[in-house]
Structures are given as structure tokens and as C-alpha cells.
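Secondary and tertiary structure notes
Chain residues, written in single-letter form:
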Amino acid sequence: MFDNLSEKLQRVFKNLRGEGKLTAANMESALREIRMALLEADVNFKVVKQLIENIKVKAMGEEVLSSLSPAQQVVKIVHEELIKILGSHESRLRFANEPPSVFLIVGLQGSGKTTSTGKLARWLSRNGHRPMLVSVDVYRPAAREQLRVVARDAGQPIYEGVPGENQPLDLARSARRESANSGRDVLLVDTAGRLHIDDDLMVELQQLKEQLNPVEILFVADAMTGQDAVKSADEFHKRLGITGVILTKMDGDARGGAALSIRHVTGQPLKFVGIGEKLDALEPFHPDRAANRILGMGDILSLIEKASTELDQKKAVEMQRKLLDNDFTLEDFRDQLRQIRKLGPLQSLLGMMPKVGILKELKDVKVDENEINRVVAIIDSMTPRERDNHMIINGSRRRRIAKGSGTSVQEVNQLLKQYSQAKKMMKGFSGGMLGKKMGKMKLPPGFPFGDMPGL
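1. Digging into the overall build of the protein chain
What the protein chain contains, in helices and strands, is 22 helices and 8 strands. Taking all 455 residues of the protein chain together, 48% fall into the buried category. In the protein chain, the share of contacts with a sequence separation of at least 24, taken over all contacts with a separation of at least 6, comes to 74%.

Structure (C-alpha cells):
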């Protein structure tokens, strides 16, 4: 997410720092490079123009040019202007005074609307709400069946209708009544999509809007389509009055042009971003954190939040104790890997780290998720005694483990070698001054480097 843009902007700032003294000439050159970086990231040209003008007015001021650290001042200005373009602050969902609150989920076909409906239902349920889902897409074959499967995977109820109930308005009306009767406080309505915007689609959506009086009309857009997503969001807003946007496939979009453009063009906030295929891969959009990531500052707050909600805190504390006592077994190693996997794709986690100091190299690290699966499979194929004491794993045991895990003896040997080396290193840490200091430290709950020693 934002990888290409982040890399180019950091190069611009590095060049500015190398100038020593900031002048009107090298500032103009930097602004040209920033403009090109934004356009190449597929940011809407109107957004780019506004952003560059705002940066120029502030950056060319005497206060910046005569500053002791002008390049840092420019970074600060760019950061502030990016936040303004992205929306200044997180835009929260709205809820009706009297439940159920109706959320109309709209968008073009293929944008990820149905999956996003399931993801949003899961997010709501994990944040104190009791959602119900309904599909009013009576046109696309198996559309309602698809939502039924998604709802089941999300562990949330769905209104499937009664025999003969095949009209969108009838389904929506009955679903709202059912959600109210069953104590559900949010009704998510997955609407029909089209390959393009047409009058029939808009008339139906307007009728649903009039009948249901939704508190949220959320437009789902595919980030990979760039400015097409922004254009579609704008058209939907003009004809329907959307209240926010869910941008899917953000994990696959290295440019980020849609995210940077959508608020400015539509006037409506980006509320959620989809960052993977799993149902928990949906995050509220924070403009300040997105600006941090664009400028290579990372997103440690989101990482901490993930760790706090996903990780077993008791296990984390126990794992830290085992590390300090050099009592870290292969079973502990496997459990730690499983804990970390709860946080989502590892490549996504690396993207949250600030690109400073030794962490700069993380942008070039490519994580092979299959390698982690192989490691877990190898350890799973060991007996409890073998996991507890790797020294008993002789040649015949290694062959059995390799066969049981579908790997090779060489891969088993490699894992055991790496584990032995890690044990020696941890023994040195735990016996030295670092171990004594760590033993006295009280680390914040969920903080990844405290509660996730396996990272």
C-alpha cells in the first residue's frame, strides 16, 4: 500500500537534505518531482494541483527557507497537506437513534461488494454490534447464495427471504422487520451491481434509499482500478448521495492513487480499506496513519492495535518469560508463528514498520508465506518429546518428520540448525546485561516487540 509513492517521496526528501541550504530553485525542483510522483501514483490531477499549490505556499515562506532544518520542515508541510487531502480525521460509522441502523452497500459488479459486506458484519460484531445481512441482488445467479456463504463464514445471521419473495424492495422490507424482531441493531443490505452505471440500477437504489432511510450508503470500490474507482464513486454520489467509501484490494495497490483522490473528488470520506481476502482483513481508514505510511514513517499504532486485539496476552507474557529463561522449545516456536499469523499477511505487517535506520531494508524483504507453512508442518510432524528436546531427533526421526510434513530431510535439517543457532543467541542475551534489563522492563500490552518475541 503506497509503496511506489513512498519510495519516490523519500528520495525527494533525501535529495533536499543533501542540499544543505534550501533555495527557491531547489524547492521548485523538489515540487516538480513530488508532482510527478503523485501523478505516477495515479492521483487525480486536480488533487495533485491543489496539493502542490498548498505545499508551495507554505514551503516557500521565509520561515522555512531560513530554518535550521528546512528539509524537515518541508516533510512536515507535506505530511500536514496529505492529511488534509485524505480527510483530516478518521470518519466513523453513523448509527440510527432507534435500531436497526440500515447500511446500504452499493457499487459496481466485481468491486468486492459482497465480501466487503461480510467483512463489515464481522468488524461490527467484534466492536459491540449485532448485525444482520440481506442480499437484494435478485439478478445475478447465485448472488444471494454467495452472501449466505460469506455470512456463515463471518458467523453472522442472514435474512434469506420466504418462498416467492423475489423483489428487492420486499426482501429489504422483510429483512428490516426481521432484524428489529430478533434484536439486531444493524442491517447490512448487499445491493445489486452492474458492469457500468445505468438508470435501471440507480432507480432501484433510489427506491431502496427512500424505503429504508439508511444512515449509511457505503460505496465499495476496487483500489486496483485507480481513477476509474474515483470516477464511479463520484457518479454514485451525485445520483444517490453516498456517505462514505470502502476501498478494497488496498494490499495489492502499490500506487494508492484512489485512496489519495477519493475524499477530494467526492467530498465523502474513505471509511474502510480492505487489505486481504480473509474476513478480518478490513480496517478503519485513518488519514494521519496513511500519511505516515506514505512518508515512510510506518504505522506502529495500527500494528499495536492489531496485536492488542488478536494476540493472546497470557501466552505473550509466558513467551517472554521463556525467552529470558532460555526455555524456548520448538512447540513454543510453532505457537509463536501461529500467533503472529493472526495479525494478517506478514508482508502487510512489514509495511507498517517505519522505514528508518536498519528498518529501511524491510521494504526489500519478500516474505514467503509458504515457508512459514512448511515450518509449522515440520514441527507438527514431530512428537511432543521431539518438540520439547530437539537433541533426540536423529537420522531416522528426521526422515519420518520429513515424510509426515511433505518436506525433505534437508528442510528439516535447516529448521533444526536455525533453531539451534537461535537458542544459542538467546542464551547469550538472557545471560547478559540485556536479559537483566529486559527482565525489569514492563512492556505495554500488545506491543509487538514486547509481546511478540518471535518477530
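2. Here we look at the confidence of the model for the protein chain
Taken over all residues, the pLDDT of the protein chain has a mean of 80, while the share at 70 or more is 76%. Residue range residues 298-302 is modelled with pLDDT below 50. Its contacts to residues more than four positions away, or to other chains, number 16 contacts. Considering only residues more than four positions removed or in separate chains, one finds that residues 432-455, a stretch of pLDDT under 50, has 42 contacts.

3. Some points on the nonpolar core
Grouped burial of nonpolar side chains is what soluble globular proteins tend to show. Residues Phe13, Leu38, Val106, Phe236, Leu247 and Ile294 are the most contacted members of the largest nonpolar core, which totals 75 residues. Apart from residues no more than four positions distant in its own chain, leucine 38 is found in contact with Leu5, Val43, Val48, Leu51, Ile52 and Leu260. Within the second largest apolar cluster, 18 residues are counted, among which are Leu120, Leu147, Val220 and Phe272.

4. Observations regarding the pattern of salt bridges
Opposite charge on two side chains permits them to pair, given that their charged atoms come into close proximity. A complete count under the given rule lists 22 salt bridges for this structure. Note that lysine 8 is salt-bridged to glutamate 40, the shortest N-O span being 2.5 Å. Residue lysine 8 is located in helix H1 (residues 3-19), and its partner glutamate 40 is located in helix H2 (residues 24-40); the two are separated by 32 residues in the primary sequence. Overall, glutamate 40 belongs to the partly exposed group, its relative accessible area being 43%. With a shortest N-O distance of 4.0 Å, arginine 94 and glutamate 216 are connected by a salt bridge. Of this pair, arginine 94 sits in the loop between helix H5 (70-86) and strand S1 (101-107) while glutamate 216 sits in strand S5 (residues 216-222); the two residues are 122 residues apart in sequence, bridging distant segments of the chain. For arginine 94, a relative accessible area of 44% translates into the label partly exposed. Put simply, Glu331, Arg334, Asp380 and Arg387 are held in one network by salt bridges that share partners.

Cut-off values and rules
Residues numbered from 1 in each chain as written. Predicted model: local features only at pLDDT ≥ 70, side-chain atom pairs only at ≥ 80, totals over all residues. Heavy atoms only, no water. Helix = DSSP H or I, 4+ residues; strand = E, 2+ residues; numbered from the N terminus. Buried < 20%, exposed > 50% of the residue type's maximum accessible area, 1.4 Å probe, protein only. Contact = heavy atoms within 4.5 Å. pLDDT = per-residue confidence, 0-100. Core = buried A, V, L, I, M, F, W, Y, C linked by side-chain atoms within 4.5 Å. Salt bridge = Lys/Arg side-chain N within 4 Å of Asp/Glu carboxyl O.

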